[in-house]
Amino acid sequence: MAKLELFGTAGCQQTREMREWLEWRGDHFVEYDVEADVEARRRMRTLSSGQRTVPVLVEDDKVVQIGWQGRGCIVGE
Amino acid sequence: MNAFSIKVRGVVQGVGFRPFVFRLAHANTLAGWVSNDDEGVEIFLEGSESALKSFVHELRAAPPSAADISEIEISRSEPVGVGDFQIRESRSEQHPTTRISADLPVCADCLRDLFDPGNRRYRYPYINCTNCGPRFSVTLSLPYDRQNTTMREWALDEFCVAEYSDPGNRRFHAQPVACGACGPEYFLRTGDAIVRGSDPSIRMASRLLAEGKIVAVKGLGGYHLACDARNANAVEALRERKFRKEKPFAVMARDVTIAREIVSLSAESERLLTSPARPIVLVKAKAELPQVAPDCDELGVMLPYTPLHHLLFASGAPDVLVMTSANRSSEPIAYEDEDALARLAPIADAFLIGERPIARRVDDSVARVGAFGPSILRRSRGYAPGAVTTIPTRRPILALGADLKNTVTLVVNGQAFVSQHIGDLGDYPSLRAFQETIDDLLAMYEVEQDELLVVCDQHPQYASTLQAQGFEAKEHASVQHHRAHIASVLTERCEWEKRVLGVSFDGTGYGDDGTIWGGEFFVGSIARGFERVAHLRRAVMPGGDAAAQFPVQAAAGFLAQVSGLPNLTAVPFSFPQRFEDAQTLLRQGVRSFTSTSMGRLFDAAAALLGFTRVVSYEGQAAIWLEQLARRATNVDAYAFPFDGRELDFRLLLYGVAQDRGSGRAVAEIGRAFQRGVASGVADAITSICSARSLDTVVLSGGVFQNELLLCDLKDLLNGREIAVWTNHLVPTNDGGISLGQAVMAAFQNHAVNTEGAAHA
């Protein structure tokens, strides 16, 4: 089974919507809060060529989606 | 005795509104006062009930022609017995939301004065009145009063004071008013020699233009480089000195009669040409003007809009002038004298310089009448800084747009102010112009950075994205490029909830999956968001960003999936070495990225039809292809099948290559390609709309500047009961992105209205 990871933040509406969608699909995924988790933030940056929009959905270490339906929140340094 | 307190909002400052109110109050024998405030105009009136009613009736029925009232709020007040009627000094509060009037062309009355030898302002190049003249380009801050304009350095003489203070005069409270005795002048500079005095310097400039020289002319919102459009040597010299190889130049025709001689003007185009914004209008060329618009059947024409332009033509300047914004290729237009002298010295033979400073750069606007009505390709002078629409949000939002054809949008109290055209954010001067425009907008509307929601594109490497991170904003958000295009159209119509099919085609934009998009179909609404439902079949573009500059490189990417092709390095294709290099990159899988770009698909087809050189401006190959296709009349189309998820380009390009190889006329092939694209897109639209019960399709993105594509789509969708919406107020190209970003962010948390509409 593919490994799914969701990088987002606690306050981001789009992160919430992507989470709800993944849950509704019944996917198993791991979620990281990149504001609280420095290591996750670093990994997200590396995987998605330095960009800072969340949510980011990663499947087997490959970015499959940035933002939710075209909208996203930007995380600070 | 009764009293009314009236607030008028909209474009009501700098358009002679207070003098109008003054006269109306007098006519109805009402006492009270009128003043400008940050939200518009405030009026207090007292008198008989019938006089008050008649005042309100006339206020609604016949406001000044340049005013654009958005709202009139009337409430009853206690009479205080003021006795007479006064124009009061302006008041200033926090967050002004007055709309500053855009610059206006010189009016018929001022033109009469300008050429009347008995008039005090005979041949005075800065003549204006409350109905016409500079506004945005001279406004330093709000409220709009003389001391807040670039005319503050010139004190009015007795004559001008008398007119300025006479309610019966059309220069009553005309802020930039002046005359030859008290106001600024023009002078001409050639090398170290200076000709003083407006009249001699304008006559001299006209003579130089007639002799085939290039003159830098200071206009309303910046400098133009002017030369005789019918003099091929002059135009060629301008191209060489400006480093502008092929991009068409705009021309200014002396009057509508001359314009009709050089282009075919429909009634609608003529209306656009003579509209108050006086934009450059793209129309089909009639006369051959060598070097002005090479490889292009269209010509950008405008009419004189300042008194200076009229004086130049009246003093013997050629009747059609190239008038191109004064900059080196791709840099922002020069508007400060020292900067212009320094930057333009190698280009211009002479400088016609006016003493009135320009408050900010404002380029000429560009518009056309298209298949779906008038559209704006560059929104600047005459339109900016007019509010485009009102968005239901109270948050101050700053949207930074995209990196090409950049504009920014500031939303204050729901009003969306789209900036003037800034340009491509490729180099330092453009980035500075970008920053200046933002600072200017924020200062004008007194918005602090820390209150802002700052919105940028999702592209991590965009200069505007990197700039966004530098803002000490309250909150940051990002919006995907192609959805912003679709949202810009819906915003123009205030359609927040409407569920539509959005077709977003352009050259480049960062997609949800980190790949480059550009041929996208979405279903959804601004409020609920847009789901990507279909797209152009993916291709791998070799060589990174260079694929946008070399059509053969894009061709290599698409054609890698097409089999049975003739040898493309042989005649008639003669693809250069770059094509084979690109193929090598693809095989090795290095410096290549996945793309669904419709813009690149047009480039690939152009390459197959002979455009194998580098493009010298954005969209050039696609424009070349469209012009070529327009010369043919055939109606056949290459197949461009839609399978419910993807538009498959393989048969389309196979058809083009086969027919070219077997010697079919290139114009016919171009036409069949264009028709093929339109048919495939129309099929996709019909099928998605029917599957998802949609009755409206929105088209946006740079590819929809292709008029032939729009005409074909209109034709193919005719009778299908699908409404087609396109951009009318902001450009369909990336100039409209900032508006779309602003509205998408405003609705980001689904809580724009007080109810906080829940997300299902």
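Calculation rules
- Residues numbered from 1 in each chain as written.
- Chains lettered and ligands numbered in written order.
- Predicted model: local features only at pLDDT ≥ 70, side-chain atom pairs only at ≥ 80, totals over all residues.
- Heavy atoms only, no water.
- Helix = DSSP H or I, 4+ residues; strand = E, 2+ residues; numbered from the N terminus.
- Buried < 20%, exposed > 50% of the residue type's maximum accessible area, 1.4 Å probe, protein only.
- Contact = heavy atoms within 4.5 Å.
- Patch = residues over 30% accessible without salt bridge, like charges linked within 9 Å, V, L, I, M, F, W, Y side chains within 5 Å.
- Areas by Shrake-Rupley, 256 points an atom, 1.4 Å probe, with all protein chains shown as cover.
- Salt bridge = Lys/Arg side-chain N within 4 Å of Asp/Glu carboxyl O.
- Lys, Arg positive; Asp, Glu negative; His and termini not counted.
- Charge placed at Lys NZ, Arg CZ, Asp CG, Glu CD.
- Axes fitted to C-alpha atoms, helices over the stretch in contact; angles between N-to-C directions.
- Left-handed = near helix turned anticlockwise from the far one by under 90°.
- Nonpolar A, V, L, I, M, F, W, Y, C, P; charged D, E, K, R; others polar.
- Buried area = accessible area lost by both parts, 1.4 Å probe.
- Polar contact = N/O pair within 3.5 Å; in protein donor to acceptor, adjacent residues only side chain to side chain.
- Pairing = 2+ DSSP bridges.

Peer 1: I'm lost on unusual backbone geometry in this one. Help?
Peer 2: One can expect most non-glycine residues to show negative phi and most peptide bonds to be in trans. Residue and element names in this part refer to chain B. Note that the residue after alanine 384, namely proline 385, is joined by a cis bond; omega there is 5 degrees. For proline 385, the position within the fold is in the loop between strand S16 (373–378) and strand S17 (387–390). The phi dihedral of phenylalanine 243 falls on the positive side, at around 55 degrees, and the residue is not glycine. Residue placement: phenylalanine 243 occurs in the loop between helix H6 (232–242) and strand S10 (250–253). Among the residues examined, phenylalanine 243 registers a relative accessible area of 55% and is labelled exposed.

Peer 1: Before we go on, may I ask you to explain helix H1 (residues 17–27) of chain B in this structure?
Peer 2: Residue and element names in this part refer to chain B. By the criterion of burial, H1 is predominantly enclosed, with 8 of the 11 residues buried. Residues of H1 that are buried include every one of Phe17, Arg18, Pro19, Phe20, Val21, Phe22, Leu24 and Ala25, and no others. Residues of H1 that are buried sit in contact with strand S1 (2–11), strand S2 (31–37), strand S3 (40–47), helix H2 (49–61), strand S4 (68–77) and strand S5 (85–87). Downstream of H1 by a residue or two, threonine 29 has a phi angle that is positive, lying close to 45 degrees.

Peer 1: Is there a simple way to think about a negative patch on the surface in this case?
Peer 2: Among the surface-exposed residues, Glu446(B), Glu448(B), Asp450(B) and Glu472(B) lie close enough to one another that they form a single negatively charged patch. Considering the arrangement of structural elements, one finds Glu472(B) in the loop between helix H12 (463–469) and strand S22 (475–479).

Peer 1: Help me understand the packing of H1(B) against H2(B), please; the structure alone is not making it clear to me.
Peer 2: For any two helices packed against each other, the geometry comes down to the angle between their axes and how far apart the axes lie. All names here are of chain B. Where H1 contacts H2, the two axes come as close as 10 Å, and the packing angle between them is 145 degrees. Handedness of the H1/H2 crossing: right-handed. Taken together, the residues of H2 that come into contact with H1 (itself represented by Phe17, Phe20, Val21, Leu24 and Ala25) are Phe55, Glu58 and Leu59. Class assignment of the residues belonging to the contact of H1 with H2 gives a composition of 7 nonpolar, no polar and 1 charged.

Peer 1: Before we go on, may I ask you to explain the interface of chain A and chain B in this structure?
Peer 2: Of the residues lining the interface, 20 residues belong to chain A; the matching set on chain B comes to 27 residues. Across the interface of chain A and chain B, roughly 1,800 Å² is buried in total on both sides, 44% from carbon and sulfur atoms. It is Gln69(A), Arg71(A) and Ile74(A) that lose the most area in chain A upon contact with chain B, and together they represent 38% of the buried surface on that side. One can count 0 salt bridges joining chain A with chain B. For the interface between chain A and chain B, the tally reads 12 residue pairs in polar contact (both at pLDDT 80 or more). Only helix H1 (13–25), strand S5 (62–66) and strand S6 (71–74) of chain A provide two or more residues apiece to the side of chain A that touches chain B. Its residues placed into classes, the side of chain A that touches chain B shows 5 nonpolar, 12 polar and 3 charged. Pairing of S6(A) with S22(B) involves 3 bridges; the strand directions are antiparallel.

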